[in-house]
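Tertiary structure, described
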Amino acid sequence: MSDAQIRPAVPSDDGSLGELDRATWSSLHAVSPRPEPPYGPFFDARHRPEEFLVAEVDDERIAGYIRVVRPTPLASNAHVRQIQGLAVHEWARGRGVARALLRAAALHARNQGARRLTLRVLGHNAPARTLYEKEGYVVEGVLPGEFCLDGVYVDDVLMGISLTD
């Protein structure tokens, strides 16, 4: 079981979350190029602190984060939240941090009135897909060859979970 404490992100987390994001960049999950200096802020107009939950462990070190947002601004889609980012420091892996973040994201989405929680994961990211499946997410669709990463076409897999069960 996780020893992580989950809390909402605050503006002062910007530097720590930026470092975490760069440290965990991997072609296993990233569809954008590796970040290069000079680094911009982690939080910006499209990535606001209130969209993030942060996991802390031990001496209140940030171990990971998850981003939960509305996938569209449409009223007809207001009952859905989407995970658009999940990262856990290498030193914190195997401690249940990602699982704790996923569970906190589901509770957070429910508290906002959401009925569904979705995410997108690259087809070749077997560790993430296994974790999501263990947490009750099911594959709802596949976009074959949606991304070309280093000359290889990779599927984009949509997964979701009902929050009303």
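Each chain has its residues counted from 1, following the order in which its sequence is written. In view of the model being predicted, local features appear only for residues whose pLDDT reaches at least 70, and side-chain atom pairs are presented and counted only at 80 or more, with totals across whole chains, interfaces and linings using the full set of residues. Side-chain metrics rest on all non-hydrogen atoms present in the structure, leaving aside hydrogens and water.

Here we take up the pairing of strand 5 (residues 116–122). Taken across its 7 residues, strand 5 has 5 buried, putting it largely inside the fold. Of the pairings in the sheet, the one linking strand 4 (residues 80–88) to strand 5 comprises 4 bridges and is parallel in character. In the strand pairing of strand 5, Val80 is matched with Arg116. Since strand 4 and strand 5 lie parallel, the crossover through helix 2 (residues 97–111) that links them has a hand, and here it is right-handed. For two strands to be treated as a pair, DSSP must find no fewer than two bridges joining them. Secondary structure elements follow DSSP: runs of H or I no shorter than four residues count as helices, runs of E no shorter than two count as strands, and numbering proceeds from the N terminus. Where strand 5 lies against strand 7 (residues 152–162), 7 bridges are found, and the strand directions are antiparallel. Each residue of the ladder has a partner; that of Arg120, found in strand 7, is Leu158. When a residue's accessible area, from a 1.4 Å probe over protein chains only, is under 20% of the maximum for its type it is buried; when over 50% it is exposed; and in between it is partly exposed. Handedness rule for crossovers: strands pointing away from the viewer, path from the first strand over the helix to the second running clockwise, crossover right-handed.

All of the buried residues along helix 3 (residues 126–134) are Ala128, Leu131 and Tyr132. Taken around the axis of helix 3, the buried residues stretch over an arc of 100°, which confines them to a single face. On its buried face, helix 3 is in contact with strand 4, helix 2, strand 5 and strand 7. Where helix 3 begins, the capping side chain belongs to Asn125, and its oxygen is found 3.2 Å from the backbone nitrogen of Ala128. Count one or two residues on from helix 3 and you reach Gly136, which has phi positive near 100°. To be clear, the arc concerns the directions from the helix axis to the C-beta atoms. Only heavy atoms matter for contacts: two residues are in contact if any of them lie within 4.5 Å across the pair. Polar contact is defined as a pair of N or O atoms within 3.5 Å, subject to the rule that within protein one atom must be able to donate a hydrogen and the other to accept it, and that residues adjacent in sequence are counted only when both atoms are side-chain atoms.

As a further point, take the pattern of salt bridges. Salt-bridge detection follows one rule: a side-chain nitrogen of Lys or Arg within 4 Å of a carboxyl oxygen of Asp or Glu. Counted by the stated rule, this structure contains 13 salt bridges. Where Arg7 meets Asp13, a salt bridge forms, and the shortest distance between an N and an O atom there is 2.8 Å. Arg48 is paired through a salt bridge with Glu50; the nearest N and O atoms lie 2.7 Å apart. Of the residues examined, Arg48 reaches a relative accessible area of 36% and is grouped as partly exposed. Several salt bridges converge on common partners, so that one network encompasses Asp3, Asp58, Arg61 and Arg95.

One key point about sheets: their strands pair by backbone hydrogen bonds, in either a parallel or an antiparallel sense. Ordered by their spatial adjacency, 7 strands build an open sheet running 1-2-3-4-5-7-6, and the pairing between neighbours is mixed. This sheet does not close on itself; its edge strands, each paired only once, are strand 1 (5–8) and strand 6 (138–149). Shown here is a sheet whose adjacent strand axes are inclined to one another by a mean of 25°, direction ignored. Pairing of strand 6 with strand 7 involves 8 bridges; the strand directions are antiparallel. Bridging from a neighbouring strand, Leu149 pairs with Val152 of strand 7. A fitted line through C-alpha atoms represents every axis, and for helices the fit uses only the stretch in contact; the resulting angles, taken between N-to-C directions, go from 0 to 180 degrees. The strands touched by helix 1 (residues 14–23) are strand 2 (52–57), strand 3 (61–69) and strand 4; relative to strand 3, the strand with the most contacts, the crossing angle is about 85°. Together, strand 4, strand 5, strand 6 and strand 7 form the strand contacts of helix 3, whose direction differs from that of strand 5 by roughly 160°.

With respect to the secondary-structure elements, Arg120 resides in strand 5. Judged by its relative accessible area of 46%, Arg120 is partly exposed. With 58 residues separating them along the chain, Arg120 and Ile62 place their C-alpha atoms 24 Å apart. Of the polar contacts made by the side chain of Arg120, one reaches the side chain of Asp156; its length is 2.3 Å.

Along helix 1, the positions that sit buried rather than exposed are Leu17, Gly18 and Leu20. The buried side chains of helix 1 occupy one side of the element, clustering within an arc of 160° when seen end-on. In helix 1, the exposed positions angled more than 90 degrees off the buried face are occupied by Glu19 and Ala23. Taken together, the buried residues of helix 1 touch strand 2, strand 3 and strand 4.

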